[in-house]
Amino acid sequence: MKESTRTSTPSSGAKPKGDGEICLRPSSSVFLGDQQLYFTQEYLATNSLNMKYVVYFAACQFSGPIAVIYAAPKSWFIWIRTISGRILKRDLPCTDPVFIDWTRAHCLLVLSKNGRAQVLSSIGEKVSEVFFDNQVSDVHECRTFATSRGDSGIAVMDVDGQVAVVNSVSEPVIWSMRPPYSELPTAWTAFQPHSQLTHILLIFEAVFLMGCQGESLQVQNHASVWVDSSTKYVKCVVDDARSRIAMMTENGKIQIVSIDLSTCFCTVEVTEHEIGKCINFGWVGNSVVFVQMSSSLTVFVNVSARRKPGDEVLVYEKMTANARISVEPDGIRLFESTRVEFVEAASREKIAVLNRSLNEDGAYLYKAAQEMEQGTGHNSFAASTVIQDMYKAIDDCISTACDTWQPEEQKLLLKAARFGMAYTNTTPDTTKLMRAIKEIRVLNELRMVRTGIPLTHRQYRIIGDTCIINRLIDMGSYSVAIKVAQWLGGENCESVDRVLLEWVRRSISKVSRSNMKMDQPALEALDEKISAKLLQFPHVSMADAARRAIEAKLPELARLFIRRETDDESHVAVLLQLNDVSAALTKAAASQRPQLIHQVVRHLMTSESRSSYELAISRIPLAQCLYQDLVRQEGETRGISSRQMLALLEQASDFERQTLFHFDVAEIERNPSERLNALRRAKDAAKSMGDKAIEEILNDVSAFAPLQIQRGQADMSVRDTIIEIADDTAKVAQLKQQARLNDKQVLLWTIEGLAKKGKMEQLFDLAQKRSPIGYAPFVKACVRYKRNEEVNKYFAKANGYSDLVAANLAKKNYVDAAKLAYDRRDREVLHAIHMKSHDDPVQCPRVKQLLNSMDQA
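Residues numbered from 1 in each chain as written. Predicted model: local features only at pLDDT ≥ 70, side-chain atom pairs only at ≥ 80, totals over all residues. Heavy atoms only, no water.

The protein is annotated in an unreviewed UniProt entry as Vacuolar protein sorting-associated protein 16 homolog of Caenorhabditis briggsae. Looking at the protein in UniProt, the text filed under Sequence similarities (unreviewed entry) is "Belongs to the VPS16 family." (UniProt positions renumbered as here; feature names shortened; annotations may be inferred.)

Draft legend 1. Inspection of the overall build of the protein at higher detail. Assigned secondary structure in the protein consists of 31 helices and 31 strands. Taking all 857 residues of the protein together, the buried fraction comes to 51%. Considering only contacts within the protein whose residues lie at least 6 apart along the sequence, 51% involve residues at least 24 apart. By element, 49% of the accessible surface of the protein is carried by carbon and sulfur atoms, the whole surface being about 41100 Å². (Helix = DSSP H or I, 4+ residues; strand = E, 2+ residues; numbered from the N terminus. Buried < 20%, exposed > 50% of the residue type's maximum accessible area, 1.4 Å probe, protein only. Contact = heavy atoms within 4.5 Å. Areas by Shrake-Rupley, 256 points an atom, 1.4 Å probe, with all protein chains shown as cover.)

Draft legend 2. Structural context of the packing of aromatic side chains. Under the definition given, this model contains 12 aromatic pairs. Measuring from centroid to centroid gives 5.6 Å for Phe39 and Tyr316, while their planes differ by 50°, and the two rings are tilted. One end of the pair, Phe39, is in strand β4 (residues 35-44); the other, Tyr316, is in strand β28 (residues 315-319), and 277 residues separate them in sequence. Of the two residues, Phe39 and Tyr316, neither departs from the other in class, the shared state being buried. (Phe/Tyr/Trp six-rings, centres within 6.5 Å; stacked < 30°, edge-to-face > 60°.)

Draft legend 3. Focus on the packing of helix α6 (residues 431-447) against helix α8 (residues 478-489). The contact between α6 and α8 brings their axes to 10 Å, and the two run at 175°. Here α6 lies roughly antiparallel to α8, going by the angle between them. Where α6 abuts α8, its residues Lys438, Arg441, Val442, Glu445 and Leu446 lie against Val480, Lys483, Val484, Trp487 and Leu488. Among the residues forming the contact of α6 with α8, the class breakdown is 6 nonpolar, no polar and 4 charged. (Axes fitted to C-alpha atoms, helices over the stretch in contact; angles between N-to-C directions. Parallel < 35°, antiparallel > 145°, perpendicular 65-115°, else oblique. Nonpolar A, V, L, I, M, F, W, Y, C, P; charged D, E, K, R; others polar.)

Draft legend 4. Up close: the environment of Lys756. Relative to the helices and strands, Lys756 resides in helix α24 (residues 743-757). We classify Lys756 as partly exposed; its relative accessible area is 44%. Taking the C-alpha atoms as reference, Lys756 lies 9.5 Å from Ala726; in sequence the two are 30 residues apart.

Draft legend 5. Representation of the pattern of salt bridges in the model. Tallying each qualifying case throughout the model produces 37 salt bridges. The salt bridge partner of Glu528 is Arg564, with a shortest N-O separation of 3.0 Å. Taken together, the positions of Glu528 in helix α10 (residues 520-534) and Arg564 in the loop between α12 (555-562) and α13 (568-577) put the pair 36 residues apart, joining distant regions of the chain. For Glu528, a relative accessible area of 47% translates into the label partly exposed. One continuous salt-bridge network, built from bridges that share partners, spans Arg348, Glu349, Glu360, Lys392 and Asp396. (Salt bridge = Lys/Arg side-chain N within 4 Å of Asp/Glu carboxyl O.)

Draft legend 6. Here's a closer look at the pairing of strand β22 (residues 244-249). With 6 of its 6 residues buried, β22 lies for the most part within the structure. Every second residue of β22 is oriented toward a common face, with Arg244, Ala246 and Met248 on one face and Ile245, Met247 and Thr249 on the other, all of them buried. Note: strand β21 (residues 233-238) against β22, 5 bridges, orientation antiparallel. The residue of β22 that forms the bridge with Val238 is Ile245. Taken together, β21 and the strand that follows it, β22, pair antiparallel across an intervening segment of 5 residues, in which Arg242 is found at a positive phi of about 55°. Counting the residues between successive antiparallel strands, the hairpin from β22 to strand β23 (residues 253-258) contains 3 residues, one of them, Gly252, with a positive phi of roughly 95°. (Pairing = 2+ DSSP bridges.)

Draft legend 7. Structural context of the side chain of Glu336. On the secondary structure map, Glu336 appears in the loop between β30 (331-335) and β31 (339-345). Separated by 3.1 Å, the side chain of Glu336 and the backbone nitrogen of Ala321 make a polar contact. (Polar contact = N/O pair within 3.5 Å; in protein donor to acceptor, adjacent residues only side chain to side chain.)

Draft legend 8. Quick look at the sheet that holds strand β14 (residues 152-158). Across the sheet, 4 strands lie side by side as β13-β14-β15-β16; this open sheet has antiparallel pairing. Strands with a single pairing partner mark the edges of an open sheet, and in this sheet they are β13 (139-146) and β16 (174-177). Adjacent strand axes in the sheet meet at a mean angle of 20° when their direction is disregarded. Strand direction decides the pairing type here: β13 and β14, joined by 7 bridges, are antiparallel. Paired with Val139 across the bridge in β14 is Asp158.

Draft legend 9. The arrangement of the packing of helix α30 (residues 827-836) against helix α31 (residues 843-856) in detail. Where α30 meets α31, the axes come as close as 9 Å, and the angle between the chain directions of the two elements is 155°. The angle between the axes of α30 and α31 places the two elements in the roughly antiparallel class. Handedness of the α30/α31 crossing: left-handed. Note on element contacts: α31 touches α30 through Cys844, Val847, Lys848, Leu850, Leu851, Met854 and Asp855, opposite Arg827, Leu830, His831, Ile833 and His834. Grouping the amino acids of the contact of α30 with α31 by side-chain chemistry returns 7 nonpolar, 2 polar and 3 charged. (Left-handed = near helix turned anticlockwise from the far one by under 90°.)

Draft legend 10. Just the side chain of Asp239, in detail. Residue position: Asp239 is located in the loop between β21 and β22. The contact partners of Asp239, leaving out residues within four places of it in the chain, are Arg244 and Trp283.

Draft legend 11. Seen up close, unusual backbone geometry. Phi at Phe62 takes a positive value of approximately 65°, unusual for a residue other than glycine. If you check the backbone angles, Arg825 has positive phi at about 55° while not being a glycine. Note that Arg825 resides in the loop between α29 (814-823) and α30.

Draft legend 12. Here's a closer look at a nonpolar patch on the surface. On the surface, Tyr181, Val207 and Val219 cluster together to form a nonpolar patch covering roughly 220 Å² of accessible area. With respect to the element layout, Val219 can be found in strand β20 (residues 218-219). (Patch = residues over 30% accessible without salt bridge, like charges linked within 9 Å, V, L, I, M, F, W, Y side chains within 5 Å.)

Draft legend 13. Quick look at the confidence of the model for the protein. Chain-level statistics for the protein give a pLDDT mean of 82 and a share of 83% at 70 or above. Segment residues 635-641: pLDDT under 50, and 5 contacts once partners within four positions in sequence are set aside and those in other chains are kept. (pLDDT = per-residue confidence, 0-100.)

Draft legend 14. Just helix α4 (residues 390-403), in detail. In this model, α4 (14 residues) spans 20 Å end to end at C-alpha, consistent with the 20 Å of a helix rising 1.5 Å per residue. Among the 14 residues in α4, 10 count as buried, and that is most of the element. Turning to α4, its buried residues are Met390, Ala393, Ile394, Asp396, Cys397, Ile398, Thr400, Ala401, Cys402 and Asp403. A side-chain oxygen of the first residue of α4 lies 3.3 Å from the backbone nitrogen of Tyr391; this N-cap is Asp389. (Expected span 1.5 Å × (residues − 1).)

Draft legend 15. Main features of the sheet that holds strand β18 (residues 199-204). If you trace the 4 strands from one edge of the open sheet to the other, you get β17-β18-β19-β20, paired in antiparallel fashion. The sheet is open, and its two borders are formed by β17 (187-191) and β20, each paired with just one other strand. Judged from the 6 bridges that link them, β18 and strand β19 (residues 207-212) form a sheet pairing that is antiparallel. Considered in β19, the bridge of His199 is made with Cys212.

Draft legend 16. Summary view of helix α2 (residues 361-373). Here α2 contains 13 residues, and its C-alpha end-to-end distance of 19 Å stays within 8% of the 18 Å for a straight helix at 1.5 Å per residue. Inspection of α2 places Asp361, Gly362, Ala363, Leu365, Tyr366, Ala368, Ala369, Gln370 and Glu371 among the buried residues, and these make up the whole buried set. Directly after α2, the chain includes Gly375, whose backbone phi takes a positive value near 90°.

Draft legend 17. Region of the structure containing the pairing of β30. Burial runs high along β30: 5 of the 5 residues are buried. In β30, alternate side chains face the same way, and those of Gly331, Arg333 and Phe335 on one face and Ile332 and Leu334 on the other are all buried. Pairing of strand β29 (residues 324-328) with β30 involves 5 bridges; the strand directions are antiparallel. Within the sheet, the bridge partner assigned to Val327 lies in β30 and is Ile332. Here β29 hands over to β30 after 2 residues, the two strands then running antiparallel side by side. As paired strands, β30 and β31 are joined by 5 bridges and run antiparallel to one another. If you follow Ile332 over to β31, its bridge partner there is Val343.

Draft legend 18. Here's a closer look at the state of the cysteines. Under the counting rule described, the total for this entry stands at 0 disulfides. There is no disulfide at Cys467, and the cysteine sulfur nearest it, in Cys60, is 8.6 Å away. (Disulfide = S-S within 2.5 Å.)

This is the structure in structure tokens:
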């Protein structure tokens, strides 16, 4: 078979276009035995590619950018473009290049003759370098290979036959291997089988040597069962799955063997062309290989494992014009001077649906949708009734829609799937359909000329959403990256944030690297430009933009950004990064959020001297309070902490907190004299504060404390002291005078003390006098100290509403107390009695009933 599509190369005087034109023509196809090859013209009029003058060419896998090297007098220049022709980098100088290729990490590898490899980003920025020059002499050939980690490795052979290998370009560790022969191999490759070490395969005519890292090269004698020893092997290529190797001999034989060389799956001998002299050789999917004889002729050969010995050799010839070929996991891409064409082996579903295969349910469903589209509904119904497995037909149409290029065909196939769901017996699951619509939308956007990433659906499924967004970021296609991220993950997707912040970083870095004078107007203009974009996405933090500015050593720009930040925590964190502690402390205090103030205080304590940060903290009361707590918690001993806090309070002349501080010391101090000193210091602080009432109280307390010390009762409170001496009326009277206590307070404590000590006669004599506080306190004291025989005696003396209610509550007679309150219609007291009665499950419901009756009255 032959197909000629020669296109003339544009003259050197023609003005090149910046971008090609997207081609939406239907794909053409050809059958090659059991394989169907589809030829899809992706872009036309790609004059800017100018393949005629290219010396070195490399295209990134998964429809990434292409890199070409042009030769000029005494110099070499690299151009990087998208597949559609959009220029990403031009006239990038390089020195003595001998090889270029792209890694799976979307980086361009440029190897010079002396063995020095530069790793560049997709826009030409230097990422790293790998130095082979200490390991090898002048470079002879090079191979890149995929690794199990998703990265790429590189193997370099020098003119002496020694091979130096790096397992991962991103983490270069060089190891080498030297063959036992002095001559160079006729074919060789490097590969990393799944979950295994990197292997080097060297072929010397018909002798196969293989070895891996840490081992020497070994002759593969087990390959002798299929090796043709009468000729020499000139090419070997590993497939994308890293499970098979395609071998080519000098006399035109192609053999497909297992990765360990133990089995030969297929042997094809091509006699129509001298393929042993080809310039390129590789895989097209899983069952077809291509042989590029020249820049104008490419031959496709069916190497399916289903072929039997003696079967006809199936070959397809395609004519091209100055074509360069890149290999993809599911096909190859032909780059010509004025167009780009993708060649793929069609999937089973695509063959079944688009070729109207007999007995294929997907084809019938697609036909039914076409009939419906044309308005012939009766034919549509007739086609749908033939379908045996509707679910399989729906899946086939969805899969085919994802694999097609033309939007009209995509829509019709999706309509077919939706049409088929109406004929299912159960409620259809539309998850797969909705996912396909989302992915097709993304693919169509990526294929547009302005983006230039004609990704296939199979490639999309391999690399995933995150990798696609990363590649768009690398290429500087931020608007498309945001659009794709929103389609895939929603408005608030984390990927949107990542795209925007990378755009901010690159915009700031570009300005900081330039010679532009960064005065205040220039910074404000950059701030307006970046902020205007970020404010369109409220979920993106301006603090992150400020951090990018700090990394670029533009603190003034960071301050402009942070003014717009609404989150206090992020605002404070950036101010601390800028070392603007006073502003951070002020912002944290204004937010009234203690944790933020703690954050700033801790930062101050670790970065400033104590005198500096205590002075800064003393200006903000809330910060001062929190700092005192911190000092109390983190001090090694109480003494050190107390002195530090007191010094801080005295420095700030905060007499109110000084008074409270001395109160705290007096409360916890066990030494009576120290406690007395603390009370006196509290009195002095209150005097300085000008609070007469507190000063008088403290004056009385500080006067009473020495007498307590003399009595040996320094550890007892006034109440405890009176309870202790309640049976000695003279001492009680003396203490009352010294402590300036009122009659009611002394009487209550005396009653409790007599009941506690069992002085019932004195208690009864005290009750004989008319009690100014009623008799409920007598009842309560007797109940508390279990003087049960005395309770009723005092209960009988109780009179008056309040006294009777209190006495009943002391005896836990909740119902009787509630009846008194009910008769008085005193709802507040009745409610309080009900709350107290919850500890008695018998009386509580009856009290509740009285309360409800009052509410209903």
